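Analysis of the macromolecular model
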Amino acid sequence: MADVEAALDAAGLKNQHVREYVRYWAELTGAANVEVVSAADDARLIAEALAAGEIEPAGEGLYYSRSYHKDTARSEERTIVATTKASDAGTYNNWRDANEMTELQKNNMRGASAGKTMYVIPYLMAQPGSPLERFAAGVELTDCRPVVLHMIRMARVGVEYINSLTDQNSFVRAVHVTGDLPNLGQGTPDDKRYFVTVADERTILHYGSSYGGNALLGKIAHGLRQAAYDGWASGEFLSEQFMLIGITDKATGRKYHICGGFPSASGKTNLAMMLAPDDLGDRYHVEFYGDDIAWLWVNESDGKLYAINPEFGVFGVAKDTNETTNPTALGSIEPGTGAIFTNIAYNPTTQEVWWEGRTPQPPADVTGWLDWMGAPIADRKEGDTSPWAHPNSRFTTTLSKVPNIASDFEDPKGVPIDAIIFGGRTRDREPLIRAITDIAEGVYDGLTLGAEATFAAEGVEGQLRYDPMSMRPFMSYPEADYAAHWLKIVGAASEKPLFAHVNWFQRGEGGRFLWPGYRDNLRPLLWLMQLKNGEVTGRQTPVGIIPTREELDLTGVDISDEDLNTLLTIDNARWRQEMGFRETHLTQFDGLPEEIWEAHRRVAAALDAEAGK
Ligand code: OXD
Ligand code: MN
């Protein structure tokens, strides 16, 4: 039996509610030891994890880890939001009864950490002093040391965050038990994994994984699911899977802030870490705040909508990260940054790492290279083209290591938001950018956000997989209430943000992309800020305001008139087809606010009028 009291005393953990919580779960899980950790323990824990073979060296101050091969991603169907109120059941939140799920998870976790150390990770998902700080404290318990190393990079970690709580009982209880990974029946009818957020009890119980958001509970379990629920229950804020950037116009000294949601594989991290294109770099400076989570609220003193990134690090997808797509991400994982790679290809002899898209071709000399499962590449059969790295392989690094991190990223005041953008990978119909000035139409646009499935292969040609506000996997309460909460929070701002929908992925013949993308994505965003300032007017269409070609600063961009024309045109017929799909999608959400339906009908009527119907 672990000597819990001695461990808590040694760490100076004084919060009695936390002590009681640790005691309870140490006993239930049967952990052999308890250890309270803080960020200052990182070097020691790294050394221990290296010695134990849990991580391996990947160059100076860089580390490599591999997860169990059936444990490489979030699992939406095993992820559950439980509460005590059946009325919290929504379309996407897999609602279940709180008591039932708590009992089930206790049974799964009982004795499941026997022989292991239970690490106690007190953390804060916000800048200390933030107006939302009281929703940000948590204590993760985990029986997996690499999870601690990731949490130290992704959240602020230390006992001070829970000893100093004004309400000592106001912290998220986040319990992670790995379980016997090879024997959990992943993906079979007998799957034993459950990832449960008991939202109205602010308790997270995850069992059966040691990977990413399944195991680092500060990130999406607390930072998104729990925080979204708290934001709604308190009526105070929104928590969204959004990136957050700043753009400074050096000519005027003005700084703008844009946040926004993008379904996976729609370029969110690349956009978040973007630099200005060379031709515009003298005038504009782009700063990074966050690539995955934003909490938004209205500051009563100036009536503006503000945002913070509550995280402390980046858990980025490695695939296709290179000098063109994301040079700042590469800068954030250079030697000495302390970055941890997961499930990429690794060469233990040279300590090099590689992933698909890092360079156009994999290393020519395959000697010593292992794929993400640890199998030697040299042993592959002729014609084996399976990827070296897992497509969902990751790098974990702290925000401060990102070369263009905003100078004020730790400011608890947050930053005022000028625009909220949405963008899903879409091969036609969606123009480069369309601005939306009406709040209900902006929220409606977010609710109908989607990205193409692998086209023809899945579902109806041209039909999106909808991912409202890019929150589908993190919805924690009913979508109709979510829409109403959005209207309430953003509607309360006296200075309203603009909304916009962007699309970098329109294709031409042979599947080629019409827009160069990456750093050039700044150009439509600059137009958006000019529109906000009244410096340009754009062209009104049924689905929003689109830039005229003269208004876009295209200095140095090689693009044909024809492609530009397609990028800035509305395909009325495809849009009217889309309106039918949207209607079916929105009908799933019982009790959606009338303002959202009115927005839908306004857009549909404008499209019909344009078509002369
Ligand atoms: C996610 C992540 O799962 O950001 O969305 O890790
Ligand atoms: Mn994410």
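Residues numbered from 1 in each chain as written. Chains lettered and ligands numbered in written order. Predicted model: local features only at pLDDT ≥ 70, side-chain atom pairs only at ≥ 80, totals over all residues. Heavy atoms only, no water.

This part takes up the overall build of the protein chain. For the protein chain, the count of helices and strands is 16 helices and 30 strands. Taking 2.2 N^0.38 as the reference for a compact globule, 613 residues should give roughly 25 Å; the C-alpha atoms of the protein chain span a radius of gyration of 24 Å, in line with that estimate. Overall, the protein chain is about 75 × 60 × 50 Å in size when its C-alpha atoms are taken along their principal axes. Across the 613 residues of the protein chain, 60% fall into the buried class. When contacts within the protein chain are restricted to residue pairs at least 6 apart in sequence, those whose partners lie at least 24 apart make up 74%. Carbon and sulfur atoms make up 49% of the accessible area of the protein chain, which totals about 22,800 Å². Placing the 57 positive and 87 negative side-chain charges of the protein chain at their respective mean positions leaves the two points 1 Å apart. (Helix = DSSP H or I, 4+ residues; strand = E, 2+ residues; numbered from the N terminus. Rg over C-alpha atoms; globule rule 2.2 N^0.38 Å. Buried < 20%, exposed > 50% of the residue type's maximum accessible area, 1.4 Å probe, protein only. Contact = heavy atoms within 4.5 Å. Areas by Shrake-Rupley, 256 points an atom, 1.4 Å probe, with all protein chains shown as cover. Lys, Arg positive; Asp, Glu negative; His and termini not counted. Charge placed at Lys NZ, Arg CZ, Asp CG, Glu CD.)

Okay, the pattern of salt bridges next. What the rule picks out here adds up to 49 salt bridges. Between Glu-76 and Arg-465 there is a salt bridge; the shortest N-O distance is 3.6 Å. Placement of Glu-76 in the loop between β3 (63-65) and β4 (79-83) and of Arg-465 in strand β27 (residues 464-466) is noted, with a sequence separation of 389 residues between them. Notably, a salt bridge pairs Lys-85 with Asp-88, separated by 4.0 Å at the nearest N-O pair. Given a relative accessible area of 1%, Asp-88 falls into the buried group. Within the structure, one salt-bridge network assembled from shared partners comprises Glu-35, Asp-41, Arg-44, Glu-48, Glu-54 and Arg-145. (Salt bridge = Lys/Arg side-chain N within 4 Å of Asp/Glu carboxyl O.)

Attention shifts here to the layout of surface pockets. Taken as a whole, the second largest pocket spans an internal volume of roughly 380 Å³. Glu-54, Arg-66, Cys-144, Pro-146 and Ser-210 are the residues nearest the centre of the second largest pocket, which is lined by 25 residues in total. Looking at the lining of the second largest pocket, the elements with two or more residues in it are β3, β6 (117-124) and α5 (145-154). Element by element, the count of residues in the lining of the second largest pocket is highest for α5, at four residues. Taken together, domain 1 (4-36 + 75-236) and domain 2 (53-66 + 313-403) each give at least three residues to the lining of the second largest pocket, which thus spans both. (1 Å grid on protein atoms, 1.4 Å probe; cavity = no way out; pocket = protein on both sides within 12 Å on 5 of 7 lines; lining within 4 Å. Points joined across faces, edges and corners; volume = space filled by probe spheres on them. Domains from an automatic or database assignment.)

Take the domain arrangement of the protein chain next. Partitioning the protein chain into structural domains gives domain 1 (4-36 + 75-236), domain 2 (53-66 + 313-403) and domain 3 (240-309 + 409-611). Computed over C-alpha atoms only, the centres of domain 2 and domain 3 are separated by 31 Å. Each side of the interface is counted separately: domain 2 has 10 residues, and domain 3 has 10 residues. For the domain 2 and domain 3 pair, buried surface summed over both sides reaches about 970 Å², with 69% attributable to carbon and sulfur atoms. Summed over the shared surface of domain 2 and domain 3, the number is zero salt bridges. Connecting domain 2 to domain 3 are two residue pairs in polar contact (both at pLDDT 80 or more). Here the side of domain 2 that touches domain 3 is composed, by residue class, of five nonpolar, five polar and no charged. (Buried area = accessible area lost by both parts, 1.4 Å probe. Polar contact = N/O pair within 3.5 Å; in protein donor to acceptor, adjacent residues only side chain to side chain. Nonpolar A, V, L, I, M, F, W, Y, C, P; charged D, E, K, R; others polar.)

The next point concerns the sheet that holds strand β19 (residues 340-342). With respect to topology, five strands assemble into an open sheet ordered β2-β3-β19-β22-β18, the strand pairing being mixed. Edge positions in the sheet fall to β2 (56-57) and β18 (313-317), since each has one partner strand and no second. Across three bridges, β3 lies against β19 in parallel orientation. Paired with Ser-65 across the strands is Thr-342, a residue of β19. Across the sheet, α5 lies against β3, β18, β19 and β22 (394-398), angled at about 55 degrees from β22, the strand it touches most. (Pairing = 2+ DSSP bridges. Axes fitted to C-alpha atoms, helices over the stretch in contact; angles between N-to-C directions.)

Turning our eyes to something else, we now look at unusual backbone geometry. Even without a glycine there, the phi angle at Asp-320 is positive, about 65 degrees. Mapped onto the elements of the fold, Asp-320 is located in the loop between β18 and α10 (327-331). With a phi angle near 55 degrees, Met-469 is a residue other than glycine that sits in the positive phi range. Assignment of secondary structure puts Met-469 in the loop between β27 and α12 (479-491). A relative accessible area of 0% means that Met-469 is categorised as buried.

Each angle at a metal carrying four tetrahedral donors should ideally be 109.5 degrees, and each at a metal carrying six octahedral donors should ideally be 90 or 180 degrees. The protein atoms donating to the manganese ion (ligand 2) are Gln-241 (OE1), Asp-292 (OD) and Asp-292 (OD), with metal-donor distances spanning 2.1 to 2.7 Å. Residue Gln-241 is located in the loop between β12 (238-240) and β13 (242-249), and its partner Asp-292 is located in the loop between β15 (284-290) and β16 (294-298); the two are separated by 51 residues in the primary sequence. Summarising the burial analysis for this pair, Gln-241 and Asp-292 share the class buried. (Donors = N, O, S within 2.8 Å, 3.2 Å for Na, K, Ca; no water.)

With that out of the way, let us pick up the sheet that holds strand β17 (residues 305-308). Here we have four strands laid out as an open sheet, ordered β12-β16-β17-β23, and antiparallel in their pairing. Each end of this open sheet is capped by a strand with a single partner; those strands are β12 and β23 (415-416). Judged from the three bridges that link them, β12 and β16 form a sheet pairing that is antiparallel. From the neighbouring strand, Ser-239 faces β16, where its bridge partner is Trp-295. The strands touched by helix α8 (residues 218-234) are β12 and β16; relative to β12, the strand with the most contacts, the crossing angle is about 155 degrees. Docked against the sheet, α12 engages β12, β16 and β17, running at close to 115 degrees with respect to β12.

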